[in-house]
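A closer look at the structure
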Amino acid sequence: MTNKTKTTAASALLGCVADDVTGATDLAINLAQGGMRVIQWLQIPTLEDLRVHEVDAIVVALKTRSIAPPEAVSQSIAAVEVLRGHGCRRFYFKYCSTFDSTERGNIGPVAEAMIDVLGVEQTIFCPAFPRAGRTVYQGHLFVGETLLSESGMQNHPLNPMQDANLVRFLSHQVTRSVGRLRYQELADANSAAGSLQKQRRDGIAHVVVDCVEDSQLQTIATAVSDMPLVTGGSGLARHLGDAYRQSGLMQNDYATSVLQLPLGRSLILSGSCSQATNRQVAKAKSFCNTWQLDVLEIARDPGGYQRQLAAWAEASDVHRPLLIYSTDDPDGVRRVQQTLGASEAAQLIESFLGKVAVELTADVGVRRLIVAGGETSGAVVHNLGIRALAIGPEICAGVPWTRSIGGPQLAIALKSGNFGDDNFFHTALEMLA
Ligand SMILES: Nc1ncnc2c1ncn2[C@@H]1O[C@H](COP(=O)(O)OP(=O)(O)OP(=O)(O)O)[C@@H](O)[C@H]1O
Ligand SMILES: O=C(O)[C@@H](O)C(=O)CO
């Protein structure tokens with residue numbers, strides 16, 4: 001992405017709407033690695049905003065994964081309208097590679113509303129991201145070697161995933177029929193495109209796509225390059241640049257940006273309760289000043305608790321990163337939820353971590369910020385008033401360092417709950433050392 005301010009940037013080809021902030025960053029780095037220039041907005045931009053940055057792909061990060069379906073639909077469509085108004089000709093709806101949703105939505109309702117507003121007959125559902133261990137076979141989603149519903153995601157605090165059969169699960173969320181693009185049809189792009197076409201003729205609007213390896217993502221990207229709307233995780237996005245170049249929609253292949261990232265103290269805020277984040281937090285305790293949030297105490301006296309935490313941060317060793325977390329195992333989460341209610345607890349923690357981010361960047365000199373968890377990240381960037389992100393180098397599959405545009409000058413890494421190996425936090429901070 002160029003940083004030059006222009007008033008007449010050409011229209012971006014691809015307009016993307018992501019249902020959470022870490023998912024959007026994951027999408028952005030994958031598009032960038034496919035040779036596209038990308039900007040990520042943290043709220044719906046204005047047409048004026050979009051004229052300033054010359055890019056090939058615009059990613060709009062919403063926080064619609066866990067809200068009521070009508071509200072998710074209305075925000076997503078508002079984003080699509082701006083992207084279409086800007087001149088985008090291809091659209092991408094990004095959700096989690098673990099298909100995070102409930103029987104009511106929001107993946108199905110949002111995709112269906114996008115189908116309607118864009119006037120298309122069909123879209124695909126491709127959560128697969130083999131490089132991050134997400135594969136789909138016979139319509140079933142796997143995390144590593146395990147079915148989604150046995151992967152730990154069945155205990156998710158907001159959207160427990162208890163059915164790995166995506167055709168069945170998606171069917172509960174949509175009004176039109178759901179089909180499959182089968183493993184056997186992925187031998188080449190023509191065979192995949194042929195199957196999609198046949199299903200389109202048969203009136204199948206939603207097609208769940210099998211995919212167990214990266215080369216199949218390439219095949220799928222080529223097969224769908226003429227589809228106005230695709231939906232999925234971020235794996236497919238890595239191959240869209242090539243597919244669009246092959247079909248003549250894009251000419252250039254851009255290298256990923258080298259970003260100047262600010263110097264200052266490091267802070268890790270973790271609100272994800274995924275198995276991966278639990279392991280990463282456990283590892284990070286050895287090199288961080290560490291504070292585990294007492295959620296019930298926050299509920300009792302949020303102001304007093306925040307003052308205690310700020311005093312601790314102020315007094316702590318400036319050479320060690322700060323680690324503040326509500327991350328807990330399923331029993332700990334259950335105890336909190338039984339007392340406060342699941343969504344009340346979530347909102348309380350998110351808003352508290354958002355305020356902590358504001359206070360510690362303003363008062364303690366934090367300039368490098370890592371946030372774990374999509375909902376948590378959404379709350380933190382909104383509290384900080386950051387408008388957009390420039391995408392930098394990749395830390396691990398799906399997680400880049402980024403630089404804030406608007407709000408405080410920060411290097412920020414937004415980590416999806418399930419991403420990264422056990423040493424993720426250390427690796428991320430070492431990259432900036
Ligand atoms: N100890 C806790 N008890 C109850 N709820 C918690 C606790 N800690 C965090 N939460 C809530 O759980 C939710 C975790 O969602 P979040 O999206 O941040 O992480 P994730 O789902 O693991 O990540 P991703 O969406 O990137 O996969 C947040 O709303 C958070 O506030
Ligand atoms: O697709 C993924 O797994 C992530 O980008 C994500 O959305 C997790 O919240």
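Quick note: structure is the one above.
Residues numbered from 1 in each chain as written. Chains lettered and ligands numbered in written order. Predicted model: local features only at pLDDT ≥ 70, side-chain atom pairs only at ≥ 80, totals over all residues. Heavy atoms only, no water.

This part takes up the site of ligand 1. Taken together, 22 residues lie near ligand 1, and His156, Ser272, Glu350, Glu375 and Thr376 sit nearest. A distance of 3.2 Å separates an oxygen atom of ligand 1 from a polar side-chain atom of Thr22. Between ligand 1 and Glu375 there is a distance of 2.8 Å, counted from an oxygen atom to a backbone nitrogen or oxygen. The fraction of the free accessible surface of ligand 1 (640 Å²) that becomes covered by protein chains is 98%. Of the residues assigned to the shell around ligand 1, the class counts are 7 nonpolar, 10 polar and 5 charged. Both domains that furnish three or more residues to the shell around ligand 1 are identified here as domain 1 (14-247) and domain 2 (265-432). (Near = heavy atom within 4 Å. Polar contact = N/O pair within 3.5 Å; in protein donor to acceptor, adjacent residues only side chain to side chain. Areas by Shrake-Rupley, 256 points an atom, 1.4 Å probe, with all protein chains shown as cover. Nonpolar A, V, L, I, M, F, W, Y, C, P; charged D, E, K, R; others polar. Domains from an automatic or database assignment.)

Next up on the list: the packing of helix H11 (residues 302-315) against helix H13 (residues 342-363). At a minimum axis distance of 11 Å, the contact between H11 and H13 shows a crossing angle of 40°. Relative to H13, H11 is oriented so that their crossing is right-handed. Contact residues: Pro302, Tyr305, Gln306, Leu309, Ala310, Ala313 and Glu314 in H11; Phe352, Lys355, Val356, Glu359, Leu360 and Asp363 in H13. Its residues assigned to classes, the contact of H11 with H13 comprises 8 nonpolar, 1 polar and 4 charged. (Axes fitted to C-alpha atoms, helices over the stretch in contact; angles between N-to-C directions. Helix = DSSP H or I, 4+ residues; strand = E, 2+ residues; numbered from the N terminus. Left-handed = near helix turned anticlockwise from the far one by under 90°. Contact = heavy atoms within 4.5 Å.)

Our focus in this paragraph is the site of ligand 2. The local shell around ligand 2 consists of Asp20, Thr22, Gly23, Asp26, Arg65, Lys94, Tyr95, Cys96, Ser97, Ser416 and Phe419. At 2.5 Å, a side-chain N or O of Ser97 approaches an oxygen atom of ligand 2. Burial of ligand 2 by the surrounding chains reaches 95%, relative to a free accessible area of 270 Å². Top element by residues in the shell around ligand 2 is helix H1 (residues 21-33). It accounts for 3 residues. In terms of residue class, the shell around ligand 2 is made up of 3 nonpolar, 4 polar and 4 charged.

The next point concerns the side chain of Lys415. Relative to the helices and strands, Lys415 is located in strand S18 (residues 411-415). Here Lys415 occupies a buried position and makes no salt bridge, while the nearest side chain of opposite charge, Asp422, is found at 9.2 Å. Within the structure, Lys415 has its side chain in polar contact with the backbone oxygen of Gly417 (distance 2.8 Å). (Buried < 20%, exposed > 50% of the residue type's maximum accessible area, 1.4 Å probe, protein only. Lys, Arg positive; Asp, Glu negative; His and termini not counted. Salt bridge = Lys/Arg side-chain N within 4 Å of Asp/Glu carboxyl O.)

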